[in-house]
Amino acid sequence: MMSNAVAPATEGPDRSVPLHVAIIMDGNGRWAASRGLPRAEGHRRGVEALRRVVRAAHELGVQYLTIFSFSSENWSRPATEIGDLFGLLRRFIRNDLASLHRDGVRVRVIGEREGLEPDICTLLNEAEELTKANTKLNLVVAFNYGSRQEIANAAQRLAREVAEGKRDPASIDADALGQYLDAPDIPDPDLIIRTSGEQRLSNFLMWQAAYSELVFVPIHWPDFDKAALESAIAEYARRERRFGGLAAKTGS
Ligand code: IPE
Ligand code: IPE
Ligand code: MG
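The rules behind each value
Residues numbered from 1 in each chain as written. Chains lettered and ligands numbered in written order. Predicted model: local features only at pLDDT ≥ 70, side-chain atom pairs only at ≥ 80, totals over all residues. Heavy atoms only, no water. Pairing = 2+ DSSP bridges. Helix = DSSP H or I, 4+ residues; strand = E, 2+ residues; numbered from the N terminus. Axes fitted to C-alpha atoms, helices over the stretch in contact; angles between N-to-C directions. Contact = heavy atoms within 4.5 Å. Near = heavy atom within 4 Å. Polar contact = N/O pair within 3.5 Å; in protein donor to acceptor, adjacent residues only side chain to side chain. Areas by Shrake-Rupley, 256 points an atom, 1.4 Å probe, with all protein chains shown as cover.

1. Topic: the sheet that holds strand β5 (residues 191-194)
Piece 1. Sheet architecture is open: six strands sit in the order β3-β4-β2-β1-β5-β6, paired in parallel fashion. Each of the sheet's edge strands pairs with one partner strand only, and the pair in question is β3 (105-110) and β6 (213-216). Across this sheet, the average inter-strand angle for adjacent strands is 20°, counted without regard to direction.
Piece 2. Across four bridges, the pairing between strand β1 (residues 20-24) and β5 is parallel. Bridge pairing in β5 places I23 opposite I193.
Piece 3. The sheet contacts of helix α3 (residues 79-102) involve β2 (64-71), β3 and β4 (137-145), and relative to β3 the element is tilted by about 155°.

Below, the structure is given as structure tokens:
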């Protein structure tokens, strides 16, 4: 550590801040239940946490922030809760899009659009279109997203190209498949944070998480704030990423 205080030029810029942080925002329901409040109130407070964390991520120098806001499997919840979650997304985009745009945030959306109500699709498209030239922070919203579905869709597109005689099956490798995922230009997450104490991915970015550092935080999402993000990033900075290679030599 000490002899490496100045990183060699070949190691590039400061790596203590992850370029891409992805968050599984979990625990809204338990946060509410523990206070005797309806689950919907937990989700509403979760949106407030999201606003804080978008700001904090930018202040800390994160360039890509991906948030898991509705999974392909969340359709198995009661219709009223699904309605609450969709209502919050609508309100978030309607109320916050202008200020996100003013702050230079570029909004991207990953996940399945098919099956979503047309007004939601319109809002998601508007958010992407309005902010597409912004360069401050990329906010990637995983909505109606499931990693298995994303990978299966990519496989289907490759298979179609083979069937149409446009592709040699031998050309299908990890890079080729990666190009057909929802946002191929976005670098893999360096750090994935899950709140609420659960320790699983729940079908989130399973391809992209191959070498992500995972940090599980015991607090529920509505309580997450800048300090919690800073401490997850500090934990990340203590990790040694090896990508299958050997530990970096210290002091030589
Ligand atoms: C996260 O909180 C929000 C979504 C999954 C949409 P939960 O609603 O999963 O809250 P818990 O896990 O039941 O506490
Ligand atoms: C993951 O949380 C999905 C989102 C945060 C949007 P869940 O609460 O749906 O995950 P499980 O069911 O506990 O695995
Ligand atoms: Mg949950």
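So, next bit.
2. Description of the site of ligand 2
Piece 1. Taken together, I24, M25, D26, F68, S69, F70, N74, R77, R194, R200 and S202 make up the full set of residues adjacent to ligand 2.
Piece 2. Here an oxygen atom of ligand 2 sits 3.2 Å away from a polar atom, N or O, in the side chain of D26.
Piece 3. With respect to ligand 2, the side chain of N74 contributes an N or O atom lying 2.9 Å from an oxygen atom.
Piece 4. For ligand 2, whose unbound accessible area comes to 390 Å², protein coverage reaches 77%.
Piece 5. Among the elements that make up the shell around ligand 2, the one with the highest residue count is β2 (three residues).

No statement about biological role is implied by the geometric values presented.
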